[in-house]
There are 2 protein chains.
Amino acid sequence: MAKPVAARGFARDRVVDAALELFAQRGIRGTSIQMIAARLGVTKASVYYQFQSKDDIVLAVAKPLIDDIRHIQRVAAMLPSHQARRDVALSGLIDLAIRHRQVANVIYGDPCMRQLMNNRPALRETIDGFTGLLFGPESTETEVVAMTLLTAGIYGCTADVRLDGISDDALRAKLQEVVRRFASTV
Amino acid sequence: MAKPVAARGFARDRVVDAALELFAQRGIRGTSIQMIAARLGVTKASVYYQFQSKDDIVLAVAKPLIDDIRHIQRVAAMLPSHQARRDVALSGLIDLAIRHRQVANVIYGDPCMRQLMNNRPALRETIDGFTGLLFGPESTETEVVAMTLLTAGIYGCTADVRLDGISDDALRAKLQEVVRRFASTV
C-alpha cells in the first residue's frame, strides 16, 4: 500500500525531529523506538514503516552534518597544500557545528554513533577522510593532539551553557578567529 | 547498628567503583541505584545504607576531580597576575583530566552533573571560581570562547579513541605543550 511521496517525507521528518529531541534529552542509548512513537502519538509499526531500525533513525538525524562533512572534503580536495586543506576543514567544521548545533551536540562523541560508524564502511570512510584533512600526511603526535583538541573544543563550545548568551553568528565569528590563531601555532 | 569504619569505607568504595563503570557505559541518567546494587550483588537497601541518594553517589564519583579543582584554586590564589593564574589553571586542568580520565569522561558536560551543580551552592562556587581563573577579570568574548574551547578540548582529548594509542604521560606532555602554545595567542 504505497503512500504519496510527500506524506512519507513528512512522516520521516517528524520521526527525525522527535528522535533528535529525545536523543538530546536522554542520549541515543536511552531512547527507544517505542519512546519516539509515543512522542508522536503513533504506533511502533508506523515508525518501522519509515525506518528499518533505530540505527537508520540515528543516521537520518546525523545526515545533514555528514552531508556537510562530505561537502567540505570535496572543496578541500581541490586545494594544493595540507595547510590549506586543514584550514578549510577547521573553518568548515566550525560552520557545520554551529549550523547543526543540536545534532552536533547529540552525536559528537556518543558511543552509539561510534559503534554505528564501525558498522558502516561509507560513514567510517567519510569520518576518516575528514580526520585525514585535519591530521595531515605526516600527522605528528603534536598535530594529532592539537587537532583532536580543536575538534572536541569546537563541538564542546556549541554545547556549553556558558556560551548560551552568544548568538550563533557571534560564536561562529569568535570561533573562526580563535581557531585560526590556535592553528597557526601548530 | 554501627559497622566498623573500615568496612563502611570499603563498601562505599565498591559502590563508587560500580557506579563509575555503569555511568561510563550508560550515562548518569541511564543508571539507577537498582543497577548499581545488581552489579554488586547486593540489595538496594545496602546501597542506601551508604548513600542517601543517587546524587550523593554522583558527588562521590566526582569527588577526586572536585578536590583537585579546589587544590588548583588554592595554588592559583597565591599568584599575582591573571596570566599566571590562568596558566596554572590550564596546566592543572590537563593534569586532573588525565589523572581522573574515566571520571572526567563521565561527568564533563553531563546534563545530570550540571543540574546537580545548580542544587549544590558549594559545588557551583567551586566550578564558577575555576571558570573565573580561566576567563579573567575582564573576560572578553574572545577569552570566554577560547577558554571554553580549551576546556572542552582537554576533556575531549581524554575521551577520544583516536588518542587511545598515546600513553597518559605522553598525552599529558603533548597537551601541556599544545595548550601553552594556544593560550599564548589569546
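Residues numbered from 1 in each chain as written. Chains lettered and ligands numbered in written order. Predicted model: local features only at pLDDT ≥ 70, side-chain atom pairs only at ≥ 80, totals over all residues. Heavy atoms only, no water.

Quick look at the overall build of chain A
Link 1 in the chain: For chain A, the helix and strand inventory stands at 10 helices and 0 strands.
Link 2 in the chain: Secondary structure elements of chain A, listed N to C terminal, follow the sequence α-α-α-α-α-α-α-α-α-α.
Link 3 in the chain: Taking the principal axes of its C-alpha atoms as reference, chain A extends roughly 55 × 35 × 30 Å.
Link 4 in the chain: Across the 186 residues that make up chain A, the buried fraction comes to 47%.
Link 5 in the chain: The contacts of chain A with a sequence gap of at least 6 include a subset with a gap of at least 24, amounting to 72%.
Link 6 in the chain: Here chain A contributes 24 positive and 20 negative side-chain charges, whose respective centroids are spaced 6 Å apart. (Helix = DSSP H or I, 4+ residues; strand = E, 2+ residues; numbered from the N terminus. Buried < 20%, exposed > 50% of the residue type's maximum accessible area, 1.4 Å probe, protein only. Contact = heavy atoms within 4.5 Å. Lys, Arg positive; Asp, Glu negative; His and termini not counted. Charge placed at Lys NZ, Arg CZ, Asp CG, Glu CD.)

Observations concerning the nonpolar core
Link 1 in the chain: Core analysis: the largest hydrophobic core is formed by 124 residues, its most contacted members being Ile57(A), Leu149(A), Leu150(A), Ile57(B), Leu149(B) and Leu150(B).
Link 2 in the chain: With residues near it in sequence (within four places) discarded, Leu149(B) still touches Leu149(A), Leu150(A), Gly153(A), Ile154(A), Cys157(A), Leu175(A), Val179(A) and Phe182(A). (Core = buried A, V, L, I, M, F, W, Y, C linked by side-chain atoms within 4.5 Å.)

Details of the packing of aromatic side chains
Residues and elements named next belong to chain B.
Link 1 in the chain: Taken as a whole and assessed by the stated rule, the structure comprises 3 aromatic pairs over all chains.
Link 2 in the chain: Taking the centre distance of 4.3 Å and the plane angle of 15° together, the rings of Tyr-108 and Tyr-155 count as stacked. Of the two residues, Tyr-108 sits in the loop between α6 (101–107) and α7 (111–119) while Tyr-155 sits in helix α9 (residues 141–159), which places them 47 residues apart along the sequence. (Phe/Tyr/Trp six-rings, centres within 6.5 Å; stacked < 30°, edge-to-face > 60°.)

Structural notes on the interface of chain A and chain B
Link 1 in the chain: Contacts between the two partners involve 39 residues from chain A and, on the opposite side, 38 residues from chain B.
Link 2 in the chain: Across the chain A/chain B interface, buried area totals approximately 3,100 Å², and carbon plus sulfur atoms make up 70% of it.
Link 3 in the chain: When residues of chain A are sorted by the area they lose upon contact with chain B, Leu149(A), Arg162(A) and Phe182(A) head the list and together hold 21% of the total.
Link 4 in the chain: On the surface where chain A and chain B come into contact, there are 0 salt bridges.
Link 5 in the chain: One can count 8 residue pairs in polar contact (both at pLDDT 80 or more) joining chain A with chain B.
Link 6 in the chain: The leading source of residues in the side of chain A that touches chain B is helix α9 (residues 141–159) of chain A, at 15 residues.
Link 7 in the chain: Per-class residue counts for the side of chain A that touches chain B are 22 nonpolar, 8 polar and 9 charged. (Buried area = accessible area lost by both parts, 1.4 Å probe. Salt bridge = Lys/Arg side-chain N within 4 Å of Asp/Glu carboxyl O. Polar contact = N/O pair within 3.5 Å; in protein donor to acceptor, adjacent residues only side chain to side chain. Nonpolar A, V, L, I, M, F, W, Y, C, P; charged D, E, K, R; others polar.)

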